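# Descriptive analysis of the structure
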Amino acid sequence: MKQSLKELVCLALEEAKTQGHLTLDPPPEVVIEEPKDETMGDFATTVAMSLAKSEKKNPRKIAESLLDSLKSRPELVAEVEIAGPGFINFRLARGFMRQQFMDAVNQGERFGRSEVGKRTRVLLEFVSANPTGPLHVGHGRGAAVGDCLSRLMDWAGFDVSKEYYINDVGNQMNNLGRSTQLRYQQELGRKVTFPDDLYQGDYINDIARTVIEKDGDRHLNSDDEDSLGFFRKITSDTILDGIKNDLKQFRVEYDQWFSEQTLHESNKVEGAIAWLRDKGHVYDKDGATWLKSSAFKDEKDRVVVKQGGEKTYFCADIAYHQQKIERGYDVILDLWGADHHGYVARMEAVLEALEHGDGGFQVLLIQFVSLKRGGEKVQMSTRSGKFVTLADVVNEVGVDATRFFFLMRSSDSHLDFDLELAKSETQENPVYYIQYAHARICSLFRTAEENGMPPCDANSVNLGRLDQEEDFSLIKKCLLFPELIGKSALSREVHRISYFLQELVAQFHRYYSVHRVVSEDQELTQARLLLLELVRSVIANGLKIMGVSAPEKM
RNA sequence: GCGCCCAUAGCUCAGCUGGAUAGAGCGACGGUUUGCGGAACCGUAGGUCAGAGGUUCGAGUCCUCUUGGGCGCACCA
């Protein structure tokens, strides 16, 4: 819709140039926007104002020189006028809008899809929480955003793969195994001290008890080291299963689960360092091995192999990202918690050293969630193990509301998550506002059918009966959906979907209160039902991208 | 000390590449239904866009500084 207008404007500019009215040096960027006030028209362009400087002409004069060509397509644009300092306002031809409307209706559940992503191959890594405990609310936000972003980008024509990186290597794994081992011994009555730096959470005790149920005290007397290996494995396996299950309950599915351990086992880590050393990006100093990351944008060099010969976490991460490149992804997209922002520069340095093209690596930081209950802050502390888990929140408020709340705010803003609000099935909850609209439209279809007006073939509907201002503004809103999806995908901003849906739904409810849909007038009823079918599919498609259900009844 | 993010209505937040009179939800106050779902709709009140400079036809949006908050600055993962 906007595209057709843009082409028209470009054509008009060219014509003005050949006629000598404009020089178009440098060529302007044509922006089509929606006026704040609908009485000013359907769309507007600011191109005359942005040209004023380079053309050294009054913007209104420039607009006037374009006017004739802009009026040359009455089947597309019904009215053109110059307003204010030099805005050019357009009123679209109603026939054109009806035609666009039919296209959209015919696309149905695919309406909103586009190819702006040009099938670019994207690897989206998100959550990747260490398997040392259950997922908490912060991870939940990452999960919701990552999952939604993957679908959003898929709709916009990207080829997206979702991946979870499992940090199943290192000292933390020993601590984890040790924690369960000690709890196991305690449960069986042995007096042992439990150090503060081990994992304190109740889930460790649960695992210890499970081991007792299965194996009794068999691990009590076996060699400490062997036994530690056993506890390490059973603990991390159990926790990882729990994480997978939590994510599944939250409707988040991955394409790949990538284990850090496999990198070490296949010597990819050494390989990566050797590769970088070959390129001169790695050197030895003070008995350690360093990445010359300061040669790129990082503030200083970083250790990859410690003095004792042990590899750092960072070292494995280098190999991991080299793997991502080798697997042929054009865009490597990492979603991290905001507390990792200090890590961004060095990772960018790595990707540059690995010669992955400009713009091919992007980190999205997700800000913190503060949990509230009726305005009161809920305390969360990882150290004591007493944090609110994602599963707790989902159990309390449900998947739909939880996902929606995580997705309704810009990711780079802190999020206040009020449990009471999310749970409330009242007017103050935006999730239900949108779902209610969907259910209400479905109810209208049911009512029509009961009155002997089942849905008919879209092509036999008389669209001429859609002739009210409210019809067109509702149509226009729906037609903006594909552009919204494309833009949000390109800017990786998932929150814009929920805002769009709230606006659309508000417009629908208003429409509903002004215009009777199911009436004696069959022709009019069918026309309006078709309009609402488009509204319904936009709501359904939007919610689908968010991973929120669109109920037919509630 | 250095760096990243944030600051818009009483509260929670939108505001896309700078554009017309700064918006929404909630809360407050007032109204709407004997016809399709009132989980809805309409109206009123509420703003020095943290502050100060600057860039320009035009700044909530870009630049600099200040203030206030969050987070990070490991041979941890």
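Overview of the structure. In this text the structure is predicted, and so the values were computed from the model without any measurement. Per-chain numbering applies: the sequence of each chain, read as written, is numbered from 1 onward. Working convention: letters from A go to chains and numbers from 1 go to ligands, in the order in which they are written. Whole-chain, interface and lining totals are the exception, using all residues; otherwise, since this is a predicted model, local features are given only for residues with pLDDT of at least 70 and side-chain atom pairs are given and counted only at 80 or more. Each side-chain value is worked out from all heavy atoms of the structure, with water and hydrogens disregarded.

The helix and strand inventory of chain A stands at 20 helices and 15 strands. By principal-axis analysis of the C-alpha atoms, chain A measures approximately 90 × 65 × 40 Å. Buried positions account for 52% of the 554 residues belonging to chain A. In chain A, the proportion of contacts linking residues at least 24 apart, taken out of those at least 6 apart, comes to 73%. Positive charge is attributed to Lys and Arg, negative charge to Asp and Glu, and no charge count is given to His or to the chain ends. Think of each charge as sitting on NZ of Lys, CZ of Arg, CG of Asp or CD of Glu. Computed over 69 positive and 86 negative side-chain charges, the separation of the two mean positions in chain A equals 2 Å. Note on conventions: DSSP H or I runs of at least 4 residues are helices, E runs of at least 2 residues are strands, and numbering of each starts at the N terminus. Under the scheme applied here, a residue whose accessible area is under 20% of the maximum for its type counts as buried, over 50% as exposed, and between as partly exposed, the area being computed with a 1.4 Å probe on protein chains only. When checking whether two residues touch, look at their non-hydrogen atoms; a contact exists if any pair is within 4.5 Å.

A word on the protein's contact with RNA strand B. Definition of nearness: a residue and a molecule or strand are near each other if at least one heavy atom of the residue lies within 4 Å of the molecule or strand. What surrounds RNA strand B is a group of 63 residues, the closest being Phe87, Lys306, Arg440, Tyr499 and Arg516. Pairs of N or O atoms are called polar contacts if they sit within 3.5 Å, as long as, within protein, a hydrogen donor faces a hydrogen acceptor (for residues adjacent in sequence, only side-chain-to-side-chain pairs). Taking serine 443, its side chain carries an N or O atom lying 2.9 Å from a phosphate oxygen of RNA strand B. In the model, a sugar or linking oxygen of RNA strand B is placed 2.3 Å from a nitrogen or oxygen of the tyrosine 499 side chain. Considering each element in turn, the surface near RNA strand B owes the most residues, eight residues, to helix H16 (residues 430-450).

Attention now moves to the nonpolar core. Ranked by size, the top nonpolar core spans 134 residues in total, and within it Phe101 and Phe417 carry the most contacts. Counting residues domain by domain, this core receives three or more from each of domain 1 (2-92) and domain 2 (105-115 + 426-546). In this structure phenylalanine 417 touches Val369, Ser370, Leu371, Lys372, Val393, Val397, Thr402, Phe405, Phe406 and Ala422, once residues within four positions along its chain are discounted. Residue types Ala, Val, Leu, Ile, Met, Phe, Trp, Tyr and Cys, when buried and joined through side-chain atoms within 4.5 Å, form a set referred to as a nonpolar core. Val269, Leu276, Val304 and Tyr343 belong to the second largest nonpolar core, which has 32 residues in total. What counts as a domain boundary in this text is fixed by an automatic or database domain assignment.

This brings us to the packing of aromatic side chains. Two rings belonging to Phe, Tyr or Trp (six-membered ring only in the last case) form a pair when the distance between their centres is within 6.5 Å. Interplanar angles under 30 degrees mark stacking, angles over 60 mark edge-to-face geometry, and anything in between is tilted. Going through the model one piece at a time under the given rule, you end up with 19 aromatic pairs. For the ring pair tyrosine 313 and tyrosine 343, a centre distance of 6.3 Å and an interplane angle of 50° mean the geometry is tilted. Of the two residues, tyrosine 313 is situated in helix H11 (residues 313-326) and tyrosine 343 in the loop between strand E11 (331-337) and helix H12 (344-353); the sequence distance between them amounts to 30 residues. Here tyrosine 313 falls in the partly exposed class, since its relative accessible area comes to 41%. Judged by relative accessible area, which is 13%, tyrosine 343 ranks as buried. Taken together through their ring pairs, the aromatic side chains of Phe126, Tyr164, Tyr254 and Trp257 make up a single cluster. A ring is considered to have a charge above it if a Lys NZ or an Arg CZ atom is located within 6 Å of its centre and within 35 degrees of its normal. Note that arginine 94 overlies the ring of phenylalanine 472, its terminal NZ or CZ placed 4.4 Å from the centroid.

Pairing within the open sheet is antiparallel, and its three strands lie in the order E8-E9-E10. Each having just a single partner strand, strand E8 (282-285) and strand E10 (302-305) make up the two edges of the open sheet. Pairs of neighbouring strands in the sheet enclose a mean axial angle of 45°, with direction left out of account. Pairs of strands are assigned from DSSP output, requiring at least two bridges between the strands. Bridging between strand E9 (residues 288-291) and E10 involves three bridges; their strand directions are antiparallel. Its bridge partner being in E10, threonine 289 is matched across the sheet by valine 305. Helix axes are fitted to C-alpha atoms over the stretch in contact, other axes to C-alpha atoms as well, and angles between N-to-C directions run from 0 to 180 degrees. Here helix H10 (residues 268-278) sits on the sheet in contact with E8, E9 and E10, set at roughly 95° to E8. Along the sheet face, H11 touches E9 and E10 and points at about 80° away from the line of E10.

Residues other than glycine seldom take positive phi values, yet valine 127 does so here, at roughly 65°. Looking at the secondary structure, you find valine 127 in the loop between strand E5 (121-125) and helix H5 (137-155). The phi angle at serine 128 is positive, at roughly 45°, despite the residue not being glycine.

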